[in-house]
Every structure is written in structure tokens, then in C-alpha cells.
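Architecture at a glance
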Amino acid sequence: MSEFLMPSLGADMEAGTLVEWMRRPGDRLARGDAIAAVETQKGAIEIDVYHAGVLEKILVDVGQKVPVGTPLALIRYDGEQDQPVAAETSAAEAAATGEHAAEPTAAVAAAATAPADAAVAAAPAARQRITPAARRRLDALGIGGDRVASGDDGIIGLRELEGLAAAPMPTPTPTPRDEREPIAAAAATTAVPARPSLDVAAMRQAIAAAMARSWREIPHYTVSRLLDLEPMLRWLEHRNAAQPVAGRWLYAVLLIRAIALALRETPALNGHHDGERFVASDAVHLGIAIAMRGGGLIAPALLDADRRTLPELMAALDDLVARTRSGRLRSSEMSAATATLSNLGDDTADMLQPIIYPPQVAIIGCGRIAERAWAQDGALSARRTMSVTVAGDHRVSDGRVAARFLVTLDRLLQQPEQL
């Protein structure tokens, strides 16, 4: 048996509050299944498992806040031998090495002896029993709890909401999608509202902690290049003109695809640094900086961005933005990003010099698209251009590597039909 630990869902996370168990002891788990929901400073995140197995025992009660690395449950993974793990001993050893505070460790030990049914907070008998995460999901869908059947334990949780569709809404008159729309606006076509309980002040504290750490510990360098986007935008406009409104793509999708392919060719910018060494990633999980409607910023990962087609990326981007704003992200999306893209969009600023989000070693910042004078082949013309800046970690790479990345990106964007 193995301990399932509270994961780190970003460099700014030190602890999380368990808000719901989505599986019960004895449940069969497949790789990628969401097992629990954890509240962080950036919202409720569904944490998933990376190996198939059986959930044997729950160690932490709903409502309990525990540090990263604290055992949450015991799982018997497929192929494991029957060797019970004493959660109390592991937690105590972690506390002895300074990884966890004493109070949460003691609480975990006490939770280990509690019955599994205690993993869900009880509610007064006169009221409908709905977990906090499930209630937020129902609010986002516009559905009342009386329309949902409770589970075997009499409680409505996220498991009971699987496959539930949003309440019927009047169909709005379609409006043309602006192909120059910024990344953060990509969810405008969805009906999922923003998560109402987001604590913007706590999010800003989390961002401040991560960025202060990054600026203090990472020796940054920045390299910029002005890119000619005229070929890409003309190709996209021609393509979108033949499509219905719902089938039109944002320019950001071509930008994401080109950046992912350029990162694949520049592995020194794609991976994680643990403070001692750099580990390049075989896949490109591109973090997308998404502005929240109430303020703040979250940068979940578009997983395997280099291996997806343009239609797949457009669907994935719409889905990711919608789930980010409604508080329905998965732990893999919050922790797997190997590099990040921050795109300001139109009517903003000409240039962005971003700060690296650790443990990543590079971030790409894009300014607005603007028509500028462009000299080419001895002729001067007005062309739509964008300033792209790479901030890199000097412990891993230098300016020449970032410059090579920008040259590769420019080459890819000049041939959009091949993306």
C-alpha cells in the first residue's frame, strides 16, 4: 500500500484544505481519476491519481487544512505487494525533517483512526447535505440541489454531478468571433459562469509569494524580437471566412501551436529546475496565463500542446478557460506546465517582460498586435506585428538559446498552413 500525498499545485502553494472526497474506500481507481477536491488560494482543484489501484483508507477529514506532502489516503496500486503503511509514522518522520508543521501532522494521525464515513462533513438533518465543492458546481451550472439524487451516504458530492448538464438557457444571437481576441477571452462562447467564491486577495498573496521567490532566486535574462504576423493573420482570416461563427479560430491557437513546436526544438527552455539541477521535459505542457473576471491570474497547462492539432487546441483552450473561471481545474493542469505563455491581447501594451513561474525555466510574453512600418526586400509597407519576449533562467540557458527559439518561432509563423 502507498500513501497518497497532498500534491503541490504550484510554487505558491504551501497547504490546501480538503473540501471533498470524490471516491470512497474500496472504490476502484483508474489512471487520471479525480479522487478529491482541494481548496487552494487559486480556487478548488480536483486532484487526480497517476496509477490504477484501489482506495483503501482515507486519512484526512473534509474541512481539514494540511501542508503539501501530508498523506491524504492509502491506495493499493496495481501490482503492489500487501505491505501496510503506517501513515502516522510517515507523517511523524516528515515532521522531524521539517517538512510539515507539528499540529497538522498530529491531526492527520488522529484522522487515520476515524471511520471512513467521517471523511464527509455532516450537515443538519433538516437541510440538504451537499459538499462545498458540489454546491459551487451546482451554482455554476444554474441547477438546484433538489434536482440531484444523493449518494449512498445521503450526501451530494462531485461524484453525483458527473455528466450533469447545465440548466437550459436562452440561445443568444451569435456574434462573429474576433480572431484577434486575446487568450483570456477565449471562453466567451461558453455558458459556464465565473466561480463566485474566488478570494482575489488570497490569490494576489499567492502570486506575490511566487513572483517574489522567482525574482529573488532565479537569475533572469530577457530576449525580444518583433515578429511579422501578416502571413499568419491573412491565412487565418481566409480560413475563418469560410467557417460558421462556432468554427472560427482565435489567432492565439496558432500562436500556441507555434510556441509549443518551437519549445520542442529548444529543450533548454522546456522543463523544471528543482534548485539543484534542470530536468528537460519530453512533452510540452504549455501554461496559459488566464485573467480571472474578478481579478487575479491563473496559468494552468494545456497538456501535450505540441502533439495536438489546431482544432484540438481550439477546443482544449475554450474548455481550459471555462473550467479555470468556474473552479474546475485538475491537479495535473496546475502542476505540469513546463513553460508558460502570457499574451496581453489587443488594445494593451506593445511589450511584456514577464517573470518566470518556478520551477519552470522560461516564460514567453506577447504584446499587442499592431500595424507598424516594416521594411522587406528594399520596400517599406505597413504590416501587423507583435513583440515577443522570452524570459529565461540563466542557470539553465543564455540569451543565445532564447534567440534561437524566437528565430524558430518566426519561421513557423511564416508558414501557418503547415502548423
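Residues numbered from 1 in each chain as written. Predicted model: local features only at pLDDT ≥ 70, side-chain atom pairs only at ≥ 80, totals over all residues. Heavy atoms only, no water.

**Observations concerning the pattern of salt bridges**
If you walk through the whole model with that rule in mind, you get 18 salt bridges. When the shortest N-O distance is used, the salt bridge between D306 and R264 registers 3.5 Å. Residue D306 is located in the loop between strand 15 (301-302) and helix 7 (310-325), and its partner R264 is located in helix 6 (residues 251-265); the two are separated by 42 residues in the primary sequence. The class of D306 is buried, set by a relative accessible area of 3%. A salt bridge links D350 to R368; the nearest nitrogen and oxygen atoms lie 2.6 Å apart. One end of the pair, D350, is in the loop between strand 17 (339-343) and strand 18 (362-366); the other, R368, is in the loop between strand 18 and strand 19 (370-376), and 18 residues separate them in sequence. According to the relative accessible area criterion, R368 is partly exposed, its value standing at 28%. One connected set of salt bridges, linked through shared partners, spans E230, R234, E237 and R384. (Salt bridge = Lys/Arg side-chain N within 4 Å of Asp/Glu carboxyl O. Helix = DSSP H or I, 4+ residues; strand = E, 2+ residues; numbered from the N terminus. Buried < 20%, exposed > 50% of the residue type's maximum accessible area, 1.4 Å probe, protein only.)

**Concerning the pairing of strand 4 (residues 34-40)**
Consecutive side chains of a regular strand alternate in pointing toward one face of the sheet and then the other. In terms of burial, strand 4 is largely enclosed, as 6 of its 7 residues are buried. Where strand 2 (residues 15-21) meets strand 4, 4 bridges bridge the pair, whose relative direction is antiparallel. Bridge pairing links T17 to E39 in strand 4. Bridge count for strand 4 against strand 5 (residues 43-48) is 6 bridges, and the pairing is antiparallel. Looking at strand 5, one finds that A36 is bridged to I47. Here strand 4 folds back onto strand 5 in antiparallel fashion, the turn holding 2 residues. (Pairing = 2+ DSSP bridges.)

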